[in-house]
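Descriptive structure summary
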Amino acid sequence: MSSTLRRKLVPVALSIIALLVAAGAWLIGCRSTGGNATATIVSGDADSVIAARGLTPADVYAAVKTYQPSGKKDEYVLFASGGHSGQVLAVGVPSMRLLKLIGVFTPEPWQGWGFSRDTRRVLDEGDVDGKSIHWGDTHHPALSETAGDYDGQFLFINDKAQARVAVIDLRDFETKQLVKNPIAMSDHGGSVATPNTDYVIEGGQYAGPLGWRYASLEQYQQQYRGMVTFWKFDRKAGRIVPAESFSIEVPPYWQDICDAGKKVSDGWAFCNSINTEMATGGIEQGKPPFEAGVSKRDMDYLHVIDWRKAAQLVAAGRARTVNGFRVLPLDVAAKEGVLWFVPEPKSPHGVDVTPGGDFIVVSGKLDPHVTVYSFAKLQQAIAAHRYSGKDVFGVPVVDFDAAMEKQVELGLGPLHTQFGPDGYAYTSLFLDSAVARWTLGGPYASLHPEAPWTLVQKVPVQYNIGHLSVAEGDTVSPDGGYLVAMNKWSVDRFLTVGPLHPQNFQLVDISGKGPSMQVLYDMPIGIGEPHYAQMIKADKLKAWEIYPQIGWDARTMTADATAPQAGKERFVRNGNQVEIWMTATRSHFTPEHIQIKKGDHVVWHVTNVETAKDATHGFTLPGFDVNLSLEPGETETFEFLAEKGGTYTYYCTEFCSALHLEMVGYMTVQG
Ligand code: CUA
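Bear in mind the structure is a predicted one, so any value in this text is a computation, not a measurement. (Residues numbered from 1 in each chain as written. Predicted model: local features only at pLDDT ≥ 70, side-chain atom pairs only at ≥ 80, totals over all residues. Heavy atoms only, no water.)

A word on the packing of aromatic side chains. Throughout the structure, instances matching the rule amount to 38 aromatic pairs. Ring centres 5.6 Å apart and planes at 75 degrees place the aromatic pair tryptophan 268 and phenylalanine 375 in the edge-to-face group. Pair noted here: tryptophan 268 is in strand β14 (residues 268-274) and phenylalanine 375 is in helix α10 (residues 375-383), with a separation of 107 residues, a long-range link. Considered together, tryptophan 268 and phenylalanine 375 belong to a single accessibility category, that of buried residues. Through a chain of ring-to-ring contacts, the aromatic side chains of Phe589, Trp604, Phe619, Phe624, Phe638, Phe640, Tyr648 and Tyr650 assemble into a single cluster. (Phe/Tyr/Trp six-rings, centres within 6.5 Å; stacked < 30°, edge-to-face > 60°. Helix = DSSP H or I, 4+ residues; strand = E, 2+ residues; numbered from the N terminus. Buried < 20%, exposed > 50% of the residue type's maximum accessible area, 1.4 Å probe, protein only.)

This is the structure:
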């Protein structure tokens, strides 16, 4: 948030609070008669409404901090995982208004996502062994970065369930590519962009035989493996290049969250793991269940990866291939200075690199502390071979005390950490249902008046927070100001909508110093279960208002010379092959009659020839699972086989003009 705006808002809030205090006696009287918003429709001036609704000064402050007058735009955009919806949410901050739900892994009819030939083709890139997958378990969105700062060009997001990564182009907020990880069936430690988006990191989750071929669980240690994949990103093409990508084979521990090093630690990646016990479950056979077996040890291993070295070794031919994908073998990674472990307590989950890249903050779900590792100490320990041994796969284990900088006690169930511009760190506490603000030490100690490495405040959130997102809070230059808590349970916070309760983002004010954090706003999001989000300054986004040329192909992001153009609409028959070039404009399609025959194979192109902002036309052909969203300039194609005779009305599905209902045509199928 700009400091100018903050300066403007705070006095407004204070003056309203002053008025509120002056009206105190009347307010108390009103409360005692039970006046509240649920029972009464209130009118009158602002003070009367405040009083009648029983709003506290903190409530009024929250309202004026978040309210956007009609037509005013937000300062930040939060890109949030849509959880099992397989989609991405774009939310304005601080208003918490939902701007868009971007279709990614799941068909999304409004955007025509998955209901045209070419959008279907992108979804099909995510097929697994030839099977169409119609959903995703989206976890961690990652904005593209330049020199460690969000650049607003691309967004990546992973599907944990199928180990897939999607590329979204932020010029039009549309998904351009899905890649299926060729060696693993599940992921978790992604998506993470390296500081210049050379690579998008995708760490694994549940170990399996590479390529998910068959191997008995009896052979777990011999046959099962974890992975960390580095997807090469071609920024100019806007695509991941699988042929230039690679994985590092790692032990069959369950790799968890990853983060990329930055600044002093650029070129490195850090991934947590659980299940260094290599538990294989089997509760039904009287064996310890996974939950017990996986959390038996006090320490698991932080994976420390020199990915530049790994890329050099892969380029030098040291990789083998699995399912056609380059994999750097575990023994090479262990011997050649690519992979080290550092012990980390206890049931580790989040790993987050500080803005300067100098510290790595690890949270153990069953440890009330966060453990802070120093990258410099880690480097010294590696150089001096300060190892406490090797794991069973021969990976050197760096001595815990040699790499650890500090442990800071925060509370129960620490999960994830983000950073402010002022030396504060923010950690989600799942079991406490709280956000902890604490101070960093080292080079950050001079930024704040409190003691370094100290808990400053815990603010309760409702409830069971997972990830949190601070404005640009995982970049080299965090903005701070706002924090969004992403809560797993809402329990009693909203009107009951059945046993599946809304899931809840809460906006937290972190603009002040010291113990000043306050929850500002609750946002039930309507879908679930969301994981991570990143918050970017809105003015970094340079999204298009219309497509640049008539006949635009949003998959290739180029003008399609063969797309339908006004005045050149046509119907071409070649045997039973039919091709149609159609245009859409307010308020008609050209042509309005399509006459085909049973047995025809039809390829049908439609271009929206509008150049006015927001003049989107829809196109549906009922009965054929076709629904296009044609933004101004855009062209789309669909194909079908006319299997039986009939009469069908195609029409525009967007209320585009007063004569929208008349934007229609008939397709007759003779036979
Ligand atoms: Cu075009 Cu309605």
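What follows picks up the thread again.
All right, on to the sheet that holds strand β3 (residues 97-102) then. Taken in spatial order, the four strands line up as β3-β2-β1-β33 in an open sheet, and their pairing is antiparallel. Whereas interior strands pair on both sides, the edge strands pair on one side only; in this sheet they are β3 and β33 (533-537). Strand-to-strand twist of the sheet, defined as the mean angle between neighbouring strand axes without regard to direction, takes the value 20 degrees. In this sheet, β33 lies alongside strand β1 (residues 76-81) in antiparallel orientation, the contact comprising five bridges. Looking across to β33, one finds that leucine 78 is bridged to methionine 535. (Pairing = 2+ DSSP bridges. Axes fitted to C-alpha atoms, helices over the stretch in contact; angles between N-to-C directions.)

This next bit is on the confidence of the model for the chain. When pLDDT is averaged across the chain, the result is 93; 94% of the residues are at 70 or more. The low-confidence segment residues 1-39, where pLDDT is below 50, has 44 contacts with residues more than four positions distant or belonging to other chains. (pLDDT = per-residue confidence, 0-100. Contact = heavy atoms within 4.5 Å.)

A word on the layout of surface pockets. Approximately 1,200 Å³ is the volume attributed to the largest pocket. Looking at the largest pocket, it is lined by 30 residues, and the ones nearest its centre are Lys100, Phe173, Ala543, Trp544 and Glu545. In terms of residues, the lining of the largest pocket owes the most to one element, β3, which gives three residues. Residue composition of the lining of the largest pocket, by class: 14 nonpolar, three polar and 13 charged. (1 Å grid on protein atoms, 1.4 Å probe; cavity = no way out; pocket = protein on both sides within 12 Å on 5 of 7 lines; lining within 4 Å. Points joined across faces, edges and corners; volume = space filled by probe spheres on them. Nonpolar A, V, L, I, M, F, W, Y, C, P; charged D, E, K, R; others polar.)

Below, the discussion takes up helix α5 (residues 117-124). Residues Asp118, Thr119, Val122 and Leu123 constitute the buried set of α5. Looking straight down α5, one finds its buried side chains confined to an arc of 150 degrees; they lie on one side. Looking at the buried side of α5, the elements it contacts are β7 (174-180) and β43 (635-641). (Arc of directions from axis to C-beta.)

Our next topic: the environment of leucine 339. The residue leucine 339 is located in strand β18 (residues 339-345) in this model. Placed 92 residues apart in sequence, leucine 339 and serine 247 show a C-alpha to C-alpha distance of 12 Å. Among residues more than four places away in sequence, those in contact with leucine 339 are Val250, His303, Val304, Ile305, Leu330, Ala333, Ala334, Val395 and Pro396.

Turning our attention to the pattern of salt bridges. This structure, assessed with the given rule, holds 25 salt bridges. Arginine 586 is the salt-bridge partner of glutamate 610, the closest N and O atoms lying 2.7 Å from each other. Of this pair, glutamate 610 sits in the loop between β40 (601-608) and β41 (617-621) while arginine 586 sits in the loop between β37 (577-585) and β38 (588-590); the two residues are 24 residues apart in sequence, bridging distant segments of the chain. Take arginine 586: its relative accessible area is 41%, and that puts it in the partly exposed class. A cluster of three or more residues bridged by salt bridges with shared partners is formed by Arg117, Asp118, Arg121 and Glu639. (Salt bridge = Lys/Arg side-chain N within 4 Å of Asp/Glu carboxyl O.)

With respect to the secondary-structure elements, alanine 642 resides in the loop between β43 and β44 (646-651). Note on alanine 642: relative accessible area 2%, which makes it buried. For the pair alanine 642 and valine 192, spaced 450 residues apart in the sequence, the C-alpha separation amounts to 45 Å. Setting aside anything within four residues of it in sequence, one finds alanine 642 in contact with Ile596, Lys597, Lys598, Gly599, Asp600 and Val669.

Counted by the stated rule, this structure contains two cavities of 30 Å³ or more. Here the largest cavity defines a volume of roughly 280 Å³. The wall of the largest cavity is formed by 27 residues, among which Val192, Cys258, Asp259, Asp474 and Tyr532 lie closest to the centre. Top element by residues in the lining of the largest cavity is strand β8 (residues 187-193). It accounts for six residues. Looking at the lining of the largest cavity residue by residue, the class counts come to ten nonpolar, twelve polar and five charged. Counted as a void, the second largest cavity has a volume near 30 Å³. Along the walls of the second largest cavity sit Phe105, Pro107, Arg120, Leu123, Asp124, Asp127, Ser132, Ile133 and His134, which together make up its complete lining. For the lining of the second largest cavity, a count of residues per class yields four nonpolar, two polar and three charged.

Phe230, Ile248 and Ile305 are the most contacted members of the largest nonpolar core, which has 40 residues in total. The dominant element in this core, judged by the number of residues it contributes, is helix α8 (residues 307-315), at five residues. Ignoring anything within four residues of it in the chain, the contact list for phenylalanine 230 reads Tyr199, Val200, Ile201, Ser245, Phe246, Ile248, Ala269, Ile305 and Trp307. Phe589, Val602, Tyr650 and Met663 belong to the second largest nonpolar core, which has 26 residues in total. (Core = buried A, V, L, I, M, F, W, Y, C linked by side-chain atoms within 4.5 Å.)

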